[in-house]
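Report on the structure
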Amino acid sequence: MRPLRSFSVVAKLPPNLAPMWELAYNFLFSWNDQIADLFSQIDQRLWRESDGNPVAFLNSLPQMTLDILAQDRFFLARLNDLLASLRQYVAKDQPTINFPHKAEDKPVVAYFSAEYGLDLSLPVYSGGLGILAGDHLKSASDLNVPLVAVGLCYQQGYFRQYLTPDGWQQERYPTYDFEQLPISPVQDQAGHPVLIEVDLLGEKLRARIWKAQVGRVSLYLLDSNIGDNPPHLRGVTARLYGGDLEMRLRQEILLGVGGIRALWAMGLEPKVIHMNEGHSAFAGLERIRVFMSQHSLSFEAAMELVASSSVFTTHTPVPAGNDRFPPELMQRYFDPYARQIGLAWKVFMALGREDPRDDGEFFCMTVLALRLSRFSNGVSKLHGHVSRNMWKRVWPQYPVEDVPIGAITNGVHMPTWVAYDMALLYDRYLGPTWKEDPDCDRVFKLADTIPESELWRTHERLRERLIDYVRYRLREQLKRKGARAKELEAADSVLNPQALTICFARRFATYKRANLLLQDRERLLRILNDSEQPVQMVFAGKAHPHDNEGKKIIQQIVQLCRMPELRNKLVFIEDYDMILAKHLVQGGDVWLNNPRRPLEACGTSGMKAMANGMLNLSVLDGWWDEAYQPDNSVGFAIGKGEEYDDLAYQDFVESQTLYNVLETEVIPDFYDRAHDSLPRNWIKRMKKALVELGPVFNAHRMVEEYSWRTYAPAYENYKRLVRDNFQPAKDLAAWRMDLMTKWSQIRIRNVRAAAGDQIHVKQPLVVEAEIFLDGLRPEDIQAEIYAGPLTQDGQFAQRTTTIMRNEGLAQDGWHLYRGQTMPGEAGRFGFTMRILPHHPLLLDPHSLGLIRWVDAQ
Ligand SMILES: *Cc1c(COP(=O)(O)O)cnc(C)c1O
């Protein structure tokens, strides 16, 4: 039976409390502790039970509580102060550094992501990728970057984890009521919901739009669960990463194609799009379609425009993390679309194939995104390098170092992750504006001025708070299992508030090796059971629902936690989420990370820990490969960045290294106390990490880097290409077509260097060559000397490139070119020569994939 009409029922707040809604509907509460405290201090228990969701919380407050609050002058004064500061924050129009933009072009950037981890109360995230996206939006808000964001609103979000009595992971999917979340429906001027639609196999899938306000940034989430859709289509947004491959494709069509339509339907026409991971790459296609239909551009011109103004971030070196769809599936869904944008099927499929000629190859979203963006990057320096290798087939003929995928290292949003107590210290010693100050370097240098004892006492208090919270979670999970009173009581005394506390919390993917420390049980037991220098560990994390290997590792750990002699020293907390993550990264002493290098693209949890004065103990992978300093002065390393082929052997070696580092460095150092019981060396490391890593592994730095390295130049490209009714975009496309037909005719001859077999260090080496251009003009190309020291087997160990000058014509119409290079050091040195396209509107000569190397002579 369905009702005739339905209503959303909300609490009626007394008029003087009504401003609480305004605070509840802006996610500023997720990084402004005072706003969160205003809510939680009304009723701590209810606040916890509502998962820190202020809307559900306000709706559940008893009338009597409201009546009392409405009379409480102190409360009302505080409420009005906070309201004023929220309004001031939102209205403050501070200049956006590194990003000059015209007010009428706002929003300039649209950020696309399949998940967002803003806060526990908006469960549309699963892990690192989502949290990073959430932190990106918060920093964009703090720094006033003109950005909006697009995602999906999942009915059931990601799964919640609980364990059976024998430690096997089970998944639970609570259904969320969007009316009770801190988001609001987007309506048109007449008050009707704004709806968009996309085609799925000839049917229309409609979606409404929810808005989450993240400080100054708006996040729009698409929701297919509406009466306008037939029942079999409503479930497209049911679960984050739920369903089969076809469901994944449907979600990605809604996210990419639907996302662009939603922005246009709301009158927001961003100039730049940023695809956070390949899930949203159809957004690039849809933008091409829109430009073609609204401005009568050719596919080629629209593609130039879109690629020149798109940014793509790839996030995983694990092949399974990159979506690939079989050709038949693609054809069922995209045949009409390909026709609409005027592409033959094979040409369409080539957009998503590493080798465009291979008809059997699946359609890969990462490849599509790479081809549709002139700004692509990995998420740490090491991951940039790994990604260039991983995707070099998209740029055949390119040496791997020229594959146009850069690196912008991730960062974390400090105000979200830094504990309240620690934030008070920072307020005092770094200055009250540390939260919004874009000059991260200057700010974090001041961490050196925090008195040692104050820092250590604050840290110890946070450890106590962590242990208190762990006991609470443990009790709750025991209650759910129907534990006896005695067991519940025992939960109240697990862990020791003074002991060295190691935390390990992350997805239980096998490459993260949560069980590395369990390799040698005897040795682990010796470490944990030392009564002089006690060590304890807290574990948390979810395995993917289909990953039985990951679930086995959880079971192994849980069984170890049950051993009577470890019961108080080792705990596994179920259902890793943002609130547990906060407690762990704030209150532990050591953050342990031991993935199989180089599979951790970046890792951000260790940065959150660093921001709170925890020390990292990690394999040199992801961010730690660039953060670690060999003298151990900012934290500890496991190994030296080795990579192995024999995985079992690797686990053996690295587990031994891990025990050694713990026994000889970490534990002795932690317990090396002066007469005032301060571990001086340890505190020195905490401070040095804050001073040196704080400014770098910080989302403000990350967003600034995206702004000046990608958003600003992409925006400039856009403005240049759309001038004069898109004439430059048309010209660029025509130039490219012409270039493509003539490129293969380019010839190089008589490459010569004015030298014998021996040359001297730092002595210029002049190189000359003759080039046949087949009707292309000299300004259409760029000739380069490609030179550098050689390895033993005659490969370039490094290389530099220098541009050659056109020196006029030879008699038969060939062009003369000359340039010079220089060996920097003694040893074998070599050079070769190549030609790249050149055009004033083409920022990166590598992006067209055209290159001509000199043939061996
Ligand atoms: C930060 C965070 C992650 C990501 O951590 P990694 O270091 O990338 O594994 C995952 N889940 C939660 C809840 C987090 O807070």
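Here, residues in each chain are numbered from 1, in the same order as that chain's written sequence. Owing to the predicted nature of the model, reporting of local features is limited to residues with pLDDT of at least 70; listing and counting of side-chain atom pairs is limited to 80 or more, with chain, interface and lining totals taken over all residues. Neither water nor hydrogens contribute to the side-chain values; these are computed over all heavy atoms in the structure.

**Looking at the overall build of the chain**
Going along the chain from the N terminus, every DSSP run of H or I of four or more residues is numbered as a helix, and every run of E of two or more is numbered as a strand. Regarding its fold elements, the chain presents 28 helices and 28 strands. We take the radius of gyration over the C-alpha atoms and set the globule estimate at 2.2 Å times the residue count to the 0.38 power. The C-alpha radius of gyration computed for the chain amounts to 29 Å, which stays within 12% of the reference 29 Å derived for 857 residues, consistent with globular compactness. Its C-alpha atoms give the chain principal-axis dimensions of about 95 × 70 × 50 Å. Every one of the 857 residues in the chain was classed for burial, and the buried ones make up 59%. We call two residues contacting when some pair of their heavy atoms lies within 4.5 Å. A separation of at least 24 residues holds for 72% of the contacts in the chain among residues at least 6 apart in sequence. Within the structure as shown, the chain displays about 35300 Å² of accessible surface, and the carbon and sulfur contribution to it stands at 50%. Here the chain contributes 98 positive and 107 negative side-chain charges, whose respective centroids are spaced 2 Å apart. The cut-offs for exposure are 20% and 50% of the maximum accessible area for each residue type, with area from a 1.4 Å probe on protein chains only; residues under the lower value are buried, those over the upper are exposed, and the others partly exposed. Method for areas: the Shrake-Rupley scheme with a 1.4 Å probe, in which residue coverage is limited to the protein chains shown. For the purpose of counting charges, residues Lys and Arg are taken to be positive, whereas Asp and Glu are taken to be negative. His and the chain ends are not included. Think of each charge as sitting on NZ of Lys, CZ of Arg, CG of Asp or CD of Glu.

**Let's talk about the packing of aromatic side chains**
Aromatic pairs are defined between Phe, Tyr and Trp rings, using the six-membered ring for Trp, whenever the two ring centres lie within 6.5 Å; interplanar angles under 30 degrees are classed as stacked, those over 60 as edge-to-face, and all others as tilted. Per the stated rule, a full pass over the model turns up 37 aromatic pairs. Note on Tyr644 and Tyr649: the rings are 6.1 Å apart at their centroids and 65 degrees apart in plane angle, and the pair reads as edge-to-face. Residue Tyr644 is classed as partly exposed on the basis of its relative accessible area, which comes to 23%. For Tyr649, a relative accessible area of 47% translates into the label partly exposed. Within the aromatic cluster, the residues linked to one another by ring pairs are Phe282, Phe334, Tyr337, Trp345, Phe348 and Phe363. Both a distance and an angle decide whether a charge sits over a ring: NZ of Lys or CZ of Arg must be within 6 Å of the ring centre and within 35 degrees of the ring normal. Geometry around Phe74 places Arg73 over its ring, the cationic atom sitting 5.8 Å from the centre.

**Things to note about the sheet that holds strand 26 (residues 815-821)**
Think of it this way: DSSP has to see at least two bridges between two strands before they count as a pair. If you walk across this open sheet you meet the 4 strands as 21-22-26-25, and the pairing is antiparallel. Looking at which strands have only one partner, the edges of the open sheet turn out to be strand 21 (747-753) and strand 25 (805-809). Averaged over all neighbouring strand pairs, the angle between strand axes comes to 25 degrees, with direction disregarded. Axis definition: a line fit to C-alpha positions, over the contact stretch in the case of helices; interaxial angles, taken between N-to-C directions, run 0 to 180 degrees.

**Remarks on the packing of helix 11 (residues 299-308) against helix 28 (residues 699-743)**
Working note: a packed helix pair is described by the angle between its axes plus the distance between those axes. Where helix 11 meets helix 28, the axes come as close as 8 Å, and the angle between the chain directions of the two elements is 140 degrees. If you check the angle between helix 11 and helix 28, you find them oblique. Once helix 11 is placed against helix 28, the crossing between them reads as right-handed. Contacts from Glu300, Ala301, Glu304, Leu305 and Ser308 in helix 11 reach Ala714, Asn717, Tyr718, Leu721, Val722, Phe726, Ala729, Lys730, Leu732, Ala733, Arg736 and Met737 in helix 28. Three classes are used, and their members are as follows: Ala, Val, Leu, Ile, Met, Phe, Trp, Tyr, Cys and Pro are nonpolar, Asp, Glu, Lys and Arg are charged, and the others, Gly among them, are polar. Within the contact of helix 11 with helix 28, the residues separate by chemical class into 11 nonpolar, 2 polar and 4 charged. These descriptions rest on fixed angle ranges, namely under 35 degrees for roughly parallel, over 145 for roughly antiparallel, 65 to 115 for roughly perpendicular, and the rest for oblique. Handedness of a helix crossing follows the sense of rotation of the near helix relative to the far helix, less than a right angle counterclockwise being left-handed and clockwise being right-handed.

**Looking at the UniProt feature "modified residue: N6-(pyridoxal phosphate)lysine" (unreviewed entry) in the chain**
UniProt positions are given in the numbering used here, feature names are shortened, and annotations may be inferred rather than shown by experiment. Following the UniProt record, one finds the feature "modified residue: N6-(pyridoxal phosphate)lysine" (unreviewed entry) at Lys608. Mapping Lys608 onto the fold places it in helix 24 (residues 605-611). Taking the relative accessible area as the measure of exposure, Lys608 reaches 5% and is therefore buried. In this structure, Lys608 is in contact with Ile131, Val412, Trp417 and Val585, ignoring residues within four places of it in sequence.

**Quick notes on the UniProt feature "domain: DUF3417" (unreviewed entry) in the chain**
The positions that UniProt labels "domain: DUF3417" (unreviewed entry) are, in the present scheme, residues 13-122. Along residues 13-122 one finds 49% helix and 4% strand; the C-alpha atoms at either end are 23 Å apart.

**A few points about the side chain of Asn322**
Turning to its location among the elements, Asn322 is positioned in the loop between strand 10 (310-313) and strand 11 (324-325). By relative accessible area, which is 5% here, Asn322 ends up buried. Of note is the side chain of Asn322, whose polar atom sits 2.6 Å from the side chain of Thr366. Setting aside its immediate chain neighbours within four residues, Asn322 contacts Thr314, Thr316, Thr366, Met390 and Trp391. Any pair of N or O atoms that falls within 3.5 Å is considered a polar contact. Within protein, one atom must be able to donate a hydrogen and the other to accept it, and sequence-neighbouring residues count only if both atoms are side-chain atoms.

**As for the site of the ligand**
In the neighbourhood of the ligand, 14 residues make up the surrounding shell, with Lys512, Ala581, Thr604, Ser605 and Lys608 lying closest. Side-chain polar atom of Ser605 to an oxygen atom of the ligand: 2.5 Å apart, as the coordinates give it. A distance of 2.6 Å separates an oxygen atom of the ligand from a polar side-chain atom of Lys608. In isolation the ligand offers 390 Å² of accessible surface; the protein chains occlude 93% of this area. Only helix 7 (128-142), helix 23 (578-587) and helix 24 provide two or more residues apiece to the shell around the ligand. Being near a molecule or strand, for a residue, means having at least one of its heavy atoms within 4 Å of it.

**Details of the sheet that holds strand 28 (residues 852-853)**
Pairing is antiparallel in the open sheet, where 4 strands are placed in the order 24-23-27-28. Only two strands of the sheet have a single neighbouring strand rather than two, namely strand 24 (800-803) and strand 28. Two strands pair when backbone bridges link them, and strand 23 (residues 781-789) and strand 24 are joined in this way by 4 bridges, in the antiparallel orientation. Across the sheet, the residue bridging to Glu784 is Ile803, located in strand 24. Taken strand by strand, helix 28 contacts strand 23, strand 27 (829-837) and strand 28, and its axis lies near 130 degrees from that of strand 27.

**Describing the domain arrangement of the chain**
Each domain of the chain was delimited in the assignment, giving domain 1 (15-91), domain 2 (109-407), domain 3 (452-697) and domain 4 (746-853). Inter-centroid distance (C-alpha atoms) of domain 3 to domain 4 is 52 Å. Domain boundaries shown here were taken from an automatic or database domain assignment.

**Remarks on the environment of Met422**
Tracing the chain through its elements places Met422 in helix 17 (residues 420-429). Residue classification places Met422 among the buried residues on the basis of a relative accessible area of 0%. Sequence separation of Met422 and Leu462 is 40 residues, and the distance between their C-alpha atoms is 8.7 Å. Apart from the residues lying within four places of it in its own chain, the contact partners of Met422 are Leu455, Thr458, His459, Leu462 and Asn612.

**A few points about the environment of Tyr429**
Along the chain, Tyr429 turns up in helix 17. Taking relative accessible area as the criterion, Tyr429 reaches 21% and is therefore assigned partly exposed. When the C-alpha atoms of Tyr429 and Phe444 are compared, they prove to be 9.6 Å apart, with 15 residues separating the residues in sequence. A polar atom in the side chain of Tyr429 sits 2.7 Å from the side chain of Glu454.

**Some words on the pairing of strand 26**
Side-chain direction in a regular strand flips from residue to residue, so the side chains alternate between the two faces of the sheet. Burial of strand 26 is one-sided: the residues His815, Tyr817, Gly819 and Thr821 facing one way are buried, the residues Leu816, Arg818 and Gln820 facing the other way are not. The sheet contact formed by strand 22 (residues 765-772) and strand 26 spans 7 bridges and is antiparallel. Within strand 26, the residue paired with Val766 across the bridge is Gln820. As judged from the 3 bridges shared by strand 25 and strand 26, these two strands associate in the antiparallel manner. Looking at the pairing, Asn806 lines up with Tyr817 of strand 26.

**Description of unusual backbone geometry**
The phi torsion of most residues other than glycine is negative, and most of the peptide bonds are trans. In the segment running from Lys106 into Pro107, the intervening peptide bond is cis, with an omega of -10 degrees. With respect to the element layout, Pro107 can be found in the loop between helix 6 (73-91) and strand 1 (109-112). Arg597 connects to Pro598 through a cis peptide bond whose omega is 0 degrees. Within the secondary structure, Pro598 sits in the loop between strand 18 (590-593) and helix 24. In the Ramachandran plot, Lys762 falls in the positive-phi region, its phi being about 60 degrees despite a non-glycine side chain.

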